[in-house]
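# Analysis of the macromolecular model
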Amino acid sequence: MTNFLEEGKRVEQSFAKDWLLNPIFATKEEDMREHWDVKGLLDWLEDGVLKFDVKGMKKINRQDSEAQSTYTWIEGKNVLGKDGWIKGGADYIAFERLDRWIVAKRTELLALVQKKCKENEFKEGKGVYEIYQRQDRLDKLTLVPFTHIIALESTWCLPKCS
């Protein structure tokens, strides 16, 4: 069985192979401090080099047997209590799905999460737009439906090629 770091690298490489021209992968320090995995050009977009934070499919609960495609966890604070990847340096977040990539503009996704959590009065819990903190950790996560991410103006749904 591959560990989560190896799986993460596989997902990053798969996205880069599918969609990026001249990909450059982040160093360990860039990944940890700036929260991006790979940068490169999209041949159909004239925005120049863009940075992507690539996310593999996730389980809702650690004990779940399979990853799912309905929701994703958004990290507001990491396990050290520092800004999570949604507040990082990536231009876009690329979410792996079974047959496609959902690619959302990070700042637009951040605005959605902040708005929905505020409307939910920053309720604590493990539900949609609730603030969840794992025991003995400083992280803050919220569960977001992919239907909301797909509905964002700047989100792309791209087929998986590899």
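Below you will find a few notes about this structure.

Cut-offs and rules
- Residues numbered from 1 in each chain as written.
- Predicted model: local features only at pLDDT ≥ 70, side-chain atom pairs only at ≥ 80, totals over all residues.
- Heavy atoms only, no water.
- Pairing = 2+ DSSP bridges.
- Helix = DSSP H or I, 4+ residues; strand = E, 2+ residues; numbered from the N terminus.
- Axes fitted to C-alpha atoms, helices over the stretch in contact; angles between N-to-C directions.
- Core = buried A, V, L, I, M, F, W, Y, C linked by side-chain atoms within 4.5 Å.
- Buried < 20%, exposed > 50% of the residue type's maximum accessible area, 1.4 Å probe, protein only.
- Contact = heavy atoms within 4.5 Å.
- Expected span 1.5 Å × (residues − 1).
- Salt bridge = Lys/Arg side-chain N within 4 Å of Asp/Glu carboxyl O.

## A few points about the sheet that holds strand β2 (residues 38-41)
A sheet is described by the order of its strands in space; here 6 strands give the open sequence β1-β2-β3-β5-β6-β8, paired in mixed fashion. For this open sheet the edge positions go to β1 (21-25) and β8 (156-159), each flanked by a neighbour on one side alone. Taken pair by pair, the neighbouring strands of this sheet meet at an average axis angle of 30°, ignoring direction. Where strand β5 (residues 92-96) meets strand β6 (residues 100-105), 5 bridges bridge the pair, whose relative direction is antiparallel.

## Overview of the nonpolar core
With 20 residues, the main nonpolar core has Ile-74, Phe-95, Leu-109 and Ile-149 as its most contacted residues. Broken down by secondary-structure element, the contributors of at least two residues to this core are β5, β6, α3 (106-119) and α4 (146-150). Not counting the four nearest positions on each side in its chain, Ile-149 is found in contact with Thr-72, Phe-95, Ile-102, Ala-104, Leu-109, Val-144 and Thr-155. With 16 residues, the next largest nonpolar core counts Trp-19, Leu-42, Leu-50 and Leu-158 among its residues.

## So, helix α1 (residues 4-19)
A turn of α-helix holds 3.6 residues, and therefore any two residues three or four places apart point the same way. Taking 1.5 Å of rise per residue, 16 residues should cover 22 Å, and α1 covers 23 Å from first to last C-alpha, within 8% of that figure. Inspection of α1 places Val-11, Glu-12, Ser-14, Phe-15, Ala-16, Asp-18 and Trp-19 among the buried residues, and these make up the whole buried set. Looking at the buried positions of α1, the neighbouring elements they touch are β1, β2, β3 (50-55), β5, β6 and β8.

## Quick look at the environment of Gly-76
Mapped onto the fold, Gly-76 is located in strand β4 (residues 71-77). On the basis of relative accessible area, Gly-76 is assigned to the buried category, the value being 18%. Along the sequence, Gly-76 and Leu-110 sit 34 residues apart, while their C-alpha atoms lie 8.8 Å from each other. Those residues in contact with Gly-76 that lie beyond four places of it in its chain are Lys-82, Asp-83, Gly-84, Ile-86, Lys-87 and Lys-140.

## Topic: the pattern of salt bridges
Summed over all chains, the structure comprises 12 salt bridges. Two residues, Glu-12 and Lys-9, come together in a salt bridge whose shortest N-O distance is 3.3 Å. Remark: Lys-9 and Glu-12 occur in helix α1; sequence separation between them is 3 residues, near one turn of the helix. Residue class for Glu-12 comes out buried when judged on its relative accessible area of 6%. The partner of Glu-96 in a salt bridge is Arg-10, and the shortest N-O contact between them spans 3.3 Å. Here Arg-10 lies in helix α1 and Glu-96 lies in strand β5, a separation of 86 residues in the sequence.

## A word on unusual backbone geometry
Positive phi values are uncommon outside glycine, yet Asn-22 reaches one of about 50°. With respect to the helices and strands, the residue Asn-22 is situated in strand β1. For Glu-121, which is not glycine, the phi dihedral falls at a positive 55°. Mapping Glu-121 onto the fold places it in the loop between α3 and β7 (140-145). By relative accessible area, which is 68% here, Glu-121 ends up exposed.

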